[in-house]
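# An overview of the molecular structure
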Amino acid sequence: MMKRILVVLALAFCSAATQAFALKPSGRVAKKAPFSKVVAPKAAAPVIKKGNSLRLSASAAAEAPKEESGGLMESLQVGGYFALWYLFNIAYNIYNKQALNAIDYPWSIATIQMATGILYFAPLWLLGIRKAPKLNMSELKTLFPIALCHTGVHVGAVIALGAGAVSFAHIVKASEPVVTCALNAVLLGQILPVKVYATLIPIIAGVGIASMKELSFTMLALASAMLSNVSSAARGVLSKKTMSGKQLGENLDAQNLYAVLTAISTCVLIPITLALEGTGFFTAFKGVVAKGDFTNKALATLMFLSGATYYAYNEVAFLALGKVNPVTHAVGNTIKRVVIIVASVIAFKTPMSTGSIIGSSIAIAGTLLYSLAMNAAKSKKE
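Here the residue numbers are simple positions, counted from 1 along each chain's written sequence. For this predicted model, a pLDDT threshold of at least 70 governs which residues receive local features, and a threshold of 80 or more governs which side-chain atom pairs are given and counted, while totals over whole chains, interfaces and linings are taken from all residues. The side-chain values count all of the structure's non-hydrogen atoms but skip hydrogen atoms and water molecules.

## Looking at the overall build of the protein
Helix and strand counts for the protein stand at 15 helices and zero strands. We call a residue buried when its accessible area falls under 20% of the maximum for its residue type, exposed when it is over 50%, and partly exposed in between, using a 1.4 Å probe and counting protein chains only. Looking at the protein as a whole, 46% of its 382 residues are labelled buried. Within the protein, counting contacts between residues at least 6 apart in sequence, those at least 24 apart form 89% of the total. Of the accessible surface of the protein, which amounts to about 19600 Å², a share of 67% is contributed by carbon and sulfur atoms. The numbering of helices and of strands both runs from the N terminus, where a helix is a DSSP run of H or I of at least 4 residues and a strand a run of E of at least 2. Residues are treated as being in contact if the distance between any of their heavy atoms lies within 4.5 Å. Calculation of accessible area relied on Shrake-Rupley with a 1.4 Å probe; when residues are assessed, cover is drawn exclusively from the protein chains displayed.

## Topic: the confidence of the model for the protein
Per residue, pLDDT captures the predictor's confidence, and it can take any value from 0 to 100. Per-residue confidence for the protein gives a mean pLDDT of 79, with 79% of residues at or over 70. At the low end of the mean pLDDT range in the protein sits helix H1 (residues 2-21), at 40; at the high end sits helix H3 (residues 106-116), at 97. Below pLDDT 50 for its whole length, residues 1-33 participates in 55 contacts with residues either more than four positions away or in separate chains.

## Some remarks on a nonpolar patch on the surface
On the surface, Leu72, Met73 and Leu76 cluster together into a nonpolar patch covering about 290 Å² of accessible area. Here leucine 76 is to be found in helix H2 (residues 53-102). The class of leucine 76 is partly exposed, set by a relative accessible area of 45%. Patch membership requires over 30% relative accessible area and the absence of a salt bridge. Like charges are linked within 9 Å, and nonpolar side chains (Val, Leu, Ile, Met, Phe, Trp, Tyr) within 5 Å. Criterion for a salt bridge: a side-chain nitrogen of Lys or Arg within 4 Å of a carboxyl oxygen of Asp or Glu.

## Some thoughts on the packing of aromatic side chains
Each aromatic pair joins two rings of Phe, Tyr and Trp (for Trp, the six-membered one) with centres within 6.5 Å, and gets the label stacked for planes under 30 degrees apart, edge-to-face for over 60, and tilted for any other angle. Under the counting rule described, the total for this entry stands at twelve aromatic pairs. Centroid distance phenylalanine 82 to tryptophan 85: 5.5 Å. Interplanar angle 75°. Geometry classified as edge-to-face. Within this pair, phenylalanine 82 and its partner tryptophan 85 are both found in helix H2, separated by three residues, close to a single helical turn. Its relative accessible area of 2% is what places tryptophan 85 among the buried residues. For the ring pair tyrosine 310 and tyrosine 313, a centre distance of 5.9 Å and an interplane angle of 80° mean the geometry is edge-to-face. Of the two residues, tyrosine 310 and tyrosine 313 are both situated in helix H13 (residues 296-321); the distance of three residues between them amounts to about one turn of the helix. When sorted by exposure, tyrosine 310 lands in the same class as tyrosine 313, which is buried.

## A few points about the side chain of threonine 367
Looking at the secondary structure, you find threonine 367 in helix H15 (residues 354-381). At 2.6 Å, the side chain of threonine 367 and the backbone oxygen of isoleucine 364 are in polar contact. Polar contact is defined as a pair of N or O atoms within 3.5 Å, subject to the rule that within protein one atom must be able to donate a hydrogen and the other to accept it, and that residues adjacent in sequence are counted only when both atoms are side-chain atoms.

## A look at unusual backbone geometry
Of note, the phi angle at asparagine 251 is positive, near 60°, even though the residue is not glycine. Relative to the helices and strands, asparagine 251 resides in the loop between helix H10 (219-243) and helix H11 (254-277). You can call asparagine 251 partly exposed: its relative accessible area is 30%.

## Let's talk about the pattern of salt bridges
On inspection of all chains with the given rule, the structure shows one salt bridge. Glutamate 315 is paired through a salt bridge with arginine 130; the nearest N and O atoms lie 2.6 Å apart. Linking glutamate 315 in helix H13 with arginine 130 in the loop between helix H4 (118-126) and helix H5 (137-163), this pair joins segments that are 185 residues apart in sequence. For glutamate 315, a relative accessible area of 5% corresponds to the buried category. Judged by relative accessible area, arginine 130 falls into the buried class, the value being 14%.

## Quick word on the nonpolar core
Note that soluble globular proteins tend to have their nonpolar side chains buried in a common cluster. Among buried residues, the Ala, Val, Leu, Ile, Met, Phe, Trp, Tyr and Cys ones that are joined through side-chain atoms within 4.5 Å form a nonpolar core. Of all hydrophobic cores here, the largest spans 49 residues; its most connected members are Phe82, Trp85, Ile103, Leu299 and Met303. Setting aside residues no more than four positions away along its own chain, tryptophan 85 makes contact with Tyr313, Val316, Ala317, Leu321, Gly332, Asn333 and Lys336.

## Concerning the packing of H5 against H11
When two helices pack together, their arrangement is given by the angle between their axes and by how far apart the axes lie. Each axis is a line fitted through C-alpha atoms, taken for helices only over the stretch in contact, and angles between the N-to-C directions span 0 to 180 degrees. At a closest axis distance of 8 Å, the pairing of H5 and H11 adopts a crossing angle of 75°. Compared by their axis directions, H5 and H11 come out roughly perpendicular. Contact residues: H5 offers Leu140, Leu143, Phe144, Ile146, Ala147, Leu148, His150, Thr151 and Val155, while H11 offers Leu257, Tyr258, Val260, Leu261, Thr262, Ile264, Ser265, Val268 and Leu269. Reported orientations rely on four angle classes, namely roughly parallel under 35 degrees, roughly antiparallel over 145, roughly perpendicular from 65 to 115, and oblique for the rest.

## A short note on the packing of helix H6 (residues 166-173) against helix H9 (residues 200-213)
Interhelical geometry of H6 versus H9 gives an angle of 155° and a closest axis separation of 9 Å. The pairing of H6 with H9 is recorded here as roughly antiparallel in orientation. Seen from above, H6 lies across H9 with left-handed handedness. Of the residues in H9, those in contact with Phe168, Ile171 and Val172 of H6 are Val207, Ala210 and Ser211. Nonpolar residues are Ala, Val, Leu, Ile, Met, Phe, Trp, Tyr, Cys and Pro. Charged residues are Asp, Glu, Lys and Arg, and all others, Gly as well, are polar. Taken together, the residues of the contact of H6 with H9 sort by class into five nonpolar, one polar and no charged. Working rule for handedness: look at the near helix, and if it is turned counterclockwise from the far one by less than a right angle, call the crossing left-handed; if clockwise, right-handed.

## Focus on the environment of serine 167
Tracing the sequence through the fold places serine 167 in helix H6. On the basis of relative accessible area, serine 167 is assigned to the buried category, the value being 1%. Along the chain, serine 167 and valine 345 lie 178 residues apart, while their C-alpha atoms are 6.8 Å from each other. If we ignore the near neighbours within four places in the chain, the residues touching serine 167 are Ile341, Ser344, Val345 and Met352.

Next comes the structure, spelled out in structure tokens:
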């Protein structure tokens, strides 16, 4: 089984590297802040002093190999980011499912995973390795509704992954563009081109076919995955509505914004989890150890790894996606979902019916077409 997983990871790396090398060496893309539209800054015009034309030409010729080398190194760096993004994402889905199989307390596990991220970014802020964001109360209030949606994205996904097969949860999550289009139309009044709406047809059809033919189908898994989709779409809409064109606080780059949302979500999750599940998680933890299925150390390590890989794949995703163009982003995201489904089927030996495979293929192809159509529509508008 491990050999098969390694093969999948190797394919993920090759796919990521292929997408990375598809970039032009000099084609850099401005970093994108999560959940909101970002306009790339205009390049400053070069200043040429009188009588310096020959020296500038010589300098350009001398630095050409460096620029090419820099482009190659950046491509390798992006390829590495994509490989780590896939690797951490696969690891998270496996660790998360194993944790949920051991202890069926999804709210508690989701809270632990969210809180684990604090162990990563808090020391970076305290030690000055990363500049800590500075936000006032008004700005925190602006971020609070977005953090609530962020909480819904994670909790919905965790419950879905625990209630059914990992592959099925990701098939349903592929339908997020449908929800996004609906919320954008209702809340923002955004009407998209017909071509974009046409790409939703294979997504809806594919998810419908996969759901009907899914061997491990449960209504809880479907509803929870849709909760995650709605929360993710709402997060994007709220970000556009409240943050578009605004500068919030200081040092609030993409990574710090994700860290702040993680901290707020953790504060939101703790009381809700205690109200819904109480301290049952700790009783179940002791029970699993008493049965001999896990040692205290092994089970605690599993919980920690599920949280660490959850935060890690999101952190690396911002680094990877901030360096590529939208088309590469769309293709990379599609490949990621396919790789996760294949890896989960291999790792957990979850059977997929022919109908489920066909449905998932149609749905995932639809999400790629949707991303490409949206990028084309934005380019035309600009």
